[in-house]
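Overview (structure and organization)
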Amino acid sequence: MGEPVDELGPDDAEQADAAGDIEDGPVGVDLAALPLDEQIAYVRWYSHTPAAHLLEIADEVVPMLDDLPFDDRRACAELVVSLRLESYVPAALAALADHADNEWVRELVAELAWVQDRVAVVDAFIRAELSVLAALPVPLQRRWLWLAARRGPQLLGPVSRSLSGSPALDGTVVEADLGMPVDAVRRADFVRSIAGQARMTEVRARACVEVLADRMTAGARFRSQVVPWFTFDTYDRPQVSGVVDDALAAADGGYGYAAIRLGDGEAQVLAGVMPDITGVLGVAPDKEWNELGDEEYARLRARLMDAIRDADFVGVPDLAQCLAGPVGYSEVTATCLEGGVLPERIVPGGCDLGWALELSGEVDRLIARCTGIIGPIDPRDLRRIPRGADITWLPVPGELLFYYDEGGVETSHWSRFEAIVGHDFRPGQVWLVGAGVLAKIYCHMIRRAGAVAVDIGSVIDAWAGRSDTRGTVREQLWVATPYVTDLREPRTVA
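Every value quoted in this text rests on a predicted model; they were computed, and no experiment measured them.

**Concerning the overall build of the chain**
- A count of helical and extended segments in the chain gives 23 helices and seven strands.
- Principal-axis analysis of the C-alpha atoms gives the chain an extent of 65 × 55 × 45 Å.
- Just so you have it, the chain exposes about 20100 Å², and 51% of that area is on carbon and sulfur atoms.
- Of note, the chain has its 45 positive side-chain charges centred 7 Å away from the centre of its 78 negative side-chain charges.

Right under this line is the structure:
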């Protein structure tokens, strides 16, 4: 698997802009001449529509698998797993049949069985591999470890013991997945690792580790602590259902509720190092992003902290994400604690709440009661929203990296901010919010009005058929493929 990124930077965005479709890549890149695995990687990271493009590659390549060399067969099988194309699994398995003794193929066949939900077969593969795990290459060890983590403690336990001392376990918190407390020695190791990160100190790192470890021990583990930091689909279903239960109970009772998510963007804004607030003030004549002045920036940070402190569900990066995720993840929890957020409201791994709601289907319970959406795309063009649904839209411009607009402050998200804050929210209403850093303040005002707000973030992009706005989505494009074939074209805010 390629190395994921949380978001593409400006240089990457320019390359992606030049990429066009599969046939028309940047100057000097002939995609057709690349090996299949390199074509797939290129499309994944630089196409404007990576999910659609990779589906096209799969549709083209799978029928000719028997005529391809082994490396291309394996690359295609990896794509079938990556996109979770269950209908193509039999062809992928047949293409690998002559290489069943290859150590990489064994693991890939187990993953193909997992796509088919043949869990007994998957479990048998994992158990059969236990005796040789320690001798496998570390990247392959990690793949078996991740597969075992998806199958639960009964298989994760023996796999992790077989890998004792291997770098494959670096950055994982296996004991959390096994239902065991994180002991003092391990906590000290994590503190040392996190203390060296940007804007972190030993004191801040210790506060972060202690709260996250304690919350997970208390049962607030939102996702696996063994799979990669960007993985969306190991959410704890009862926890996700509980968020929706609480939100709908608040709507029924006419009292306020807010579930918010915090990541490295919020961390940098609160740290005082991002006065452009991720671009919400638009673009200056010199093409640089506008920034808030010192006093106005300080006032916004205070409002943001008030919103976080008041929220009922504060989703933050978990320990595994702090150890291996983007710079800034660790300081989220430290900043929350310094700002007075109650530890019991902090949910490790809850920064992926939006995707957990989407993939579990629990979001449909919220959509059924949804009063309005705050975000960059008209709800009529969001493909998860039923056609004809009566939903109010409070439009905001999308992130400048992906909804680029050279307009200045007058047409920016910032120009709409106070009007949305002052909207007439009412008790009993349910609002879904996908509006970046400022979404937290919108959620706060909705809650104060006695209504319900759930911060779903970039899930809205996927509902509009976009799979290019998050590196975490490019890494697992199967989350976006359900929305590729819907013919509605999104109308974004002008």
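Here the narrative resumes.
**Quick word on helix H6 (residues 103–115)**
- Compared with the 18 Å implied by 1.5 Å per residue over 13 residues, the 19 Å span of H6 between its first and last C-alpha is a close match.
- Across the 13 residues that make up H6, a large majority, ten, are buried.
- Among the residues of H6, those classed as buried are Val105, Glu107, Leu108, Val109, Ala110, Glu111, Leu112, Ala113, Trp114 and Val115.
- On its buried face, H6 sits against helix H4 (70–83), helix H5 (89–96), helix H7 (119–129) and helix H8 (138–151).
- The N-cap of H6, judged by a side-chain oxygen 2.8 Å from the amide nitrogen of Trp104 a few residues on, is Asn102.

**A closer look at the nonpolar core**
- In terms of nonpolar packing, the biggest core is built from 96 residues, with Leu112, Leu357, Leu366, Leu432, Val454 and Trp463 touching the most fellow members.
- Among the elements that line this core, the one with the most residues is H6, at eight residues.
- Core analysis: the next-biggest nonpolar cluster, separate from the first, contains 62 residues, Val182, Phe190, Met274 and Val316 among them.

**Things to note about the side chain of His413**
- If you trace the backbone, His413 turns up in helix H20 (residues 413–421).
- With sequence-adjacent residues up to four places away left out, His413 is seen in contact with Val280, Val396, Pro397, Ala435, Leu438 and Tyr442.

**Structural notes on the state of the cysteines**
- Under the defined criterion, the tally for this structure stands at zero disulfides.
- Unpaired in terms of disulfides, Cys336 finds its nearest cysteine sulfur in Cys208, a separation of 9.8 Å.
- In this structure Cys370 is not part of a disulfide, and its nearest cysteine sulfur, from Cys443, lies 12 Å away.
- The exposure class assigned to Cys370 is buried, which follows from its relative accessible area of 9%.

**A closer look at the side chain of Asp233**
- Tracing the chain through its elements places Asp233 in the loop between helix H12 (202–217) and helix H13 (237–253).
- Setting aside chain neighbours within four positions, we find Asp233 in contact with Arg84, Trp114, Arg150, Leu359 and Trp478.

**Focus: the packing of helix H11 (residues 184–195) against H12**
- As a packed pair, H11 and H12 sit with axes 8 Å apart at the nearest point and diverge in direction by 135 degrees. On the basis of the axis angle, H11 is oblique to H12. When you trace H11 past H12, the crossing you get is right-handed. Along its contact with H11, which presents Arg187, Phe190, Val191, Ile194 and Ala195, the element H12 presents Glu202, Ala205, Arg206, Val209, Glu210, Ala213, Asp214 and Thr217.
- Of the residues in the contact of H11 with H12, the class split is seven nonpolar, one polar and five charged.

**Brief notes about the pairing of strand E1 (residues 257–261)**
- In terms of burial, E1 is a largely internal element, five of the five residues being buried.
- Alternating residues of E1 divide into Tyr257, Ala259 and Arg261 and Ala258 and Ile260, and every residue in both groups is buried.
- Pairing between E1 and strand E7 (residues 452–455): three bridges, direction parallel. By the bridge assignment for E7, Tyr257 is matched with Val452.
- Both E1 and strand E2 (residues 313–316) contribute to a ladder of three bridges, which runs parallel. Of the residues in E2, the one forming a bridge with Arg261 is Gly315.

**Examining the pattern of salt bridges**
- Under the criterion given, the structure shown has 34 salt bridges.
- Ionic pairing is found between Arg143 and Glu111, a salt bridge with its closest N-O pair at 2.9 Å. One end of the pair, Arg143, is in helix H8; the other, Glu111, is in helix H6, and 32 residues separate them in sequence. The pair formed by Arg143 and Glu111 is uniform in burial state, with each residue classed as buried.
- Between Arg261 and Asp455 there is a salt bridge, with its nearest N and O atoms 2.9 Å apart. Placement of the pair is Arg261 in strand E1 and Asp455 in strand E7, with a sequence separation of 194 residues.
- Owing to a relative accessible area of 18%, Arg261 belongs among the buried residues under this scheme.

**Notes on the confidence of the model for the chain**
- When pLDDT is averaged along the chain, the result is 92; 93% of the residues meet or exceed 70.
- Here residues 1–25 is a poorly scored stretch, pLDDT under 50, and it has 55 contacts once near neighbours within four places are set aside; other chains count.

**Overview of the environment of Val421**
- Checked against the element boundaries, Val421 lands in helix H20.
- Expressed as a C-alpha distance, the spacing of Val421 and Ala449, which sit 28 residues apart in the sequence, is 11 Å.
- When near neighbours in sequence (up to four residues on either side) are disregarded, Val421 contacts Arg303, Ile441, Tyr442 and Met445.

**Comments concerning the sheet that holds strand E3 (residues 346–348)**
- Strands sit in the order E3-E2-E1-E7-E6-E4-E5 across an open sheet of seven strands; the sheet is parallel. Bordering the open sheet on either side are E3 and strand E5 (392–395), each of which pairs with just one other strand. Ignoring which end each strand starts from, the neighbouring axes of this sheet average 20 degrees apart.

The rules behind these values
- Residues numbered from 1 in each chain as written.
- Predicted model: local features only at pLDDT ≥ 70, side-chain atom pairs only at ≥ 80, totals over all residues.
- Heavy atoms only, no water.
- Helix = DSSP H or I, 4+ residues; strand = E, 2+ residues; numbered from the N terminus.
- Areas by Shrake-Rupley, 256 points an atom, 1.4 Å probe, with all protein chains shown as cover.
- Lys, Arg positive; Asp, Glu negative; His and termini not counted.
- Charge placed at Lys NZ, Arg CZ, Asp CG, Glu CD.
- Expected span 1.5 Å × (residues − 1).
- Buried < 20%, exposed > 50% of the residue type's maximum accessible area, 1.4 Å probe, protein only.
- Contact = heavy atoms within 4.5 Å.
- Polar contact = N/O pair within 3.5 Å; in protein donor to acceptor, adjacent residues only side chain to side chain.
- Core = buried A, V, L, I, M, F, W, Y, C linked by side-chain atoms within 4.5 Å.
- Disulfide = S-S within 2.5 Å.
- Axes fitted to C-alpha atoms, helices over the stretch in contact; angles between N-to-C directions.
- Parallel < 35°, antiparallel > 145°, perpendicular 65-115°, else oblique.
- Left-handed = near helix turned anticlockwise from the far one by under 90°.
- Nonpolar A, V, L, I, M, F, W, Y, C, P; charged D, E, K, R; others polar.
- Pairing = 2+ DSSP bridges.
- Salt bridge = Lys/Arg side-chain N within 4 Å of Asp/Glu carboxyl O.
- pLDDT = per-residue confidence, 0-100.

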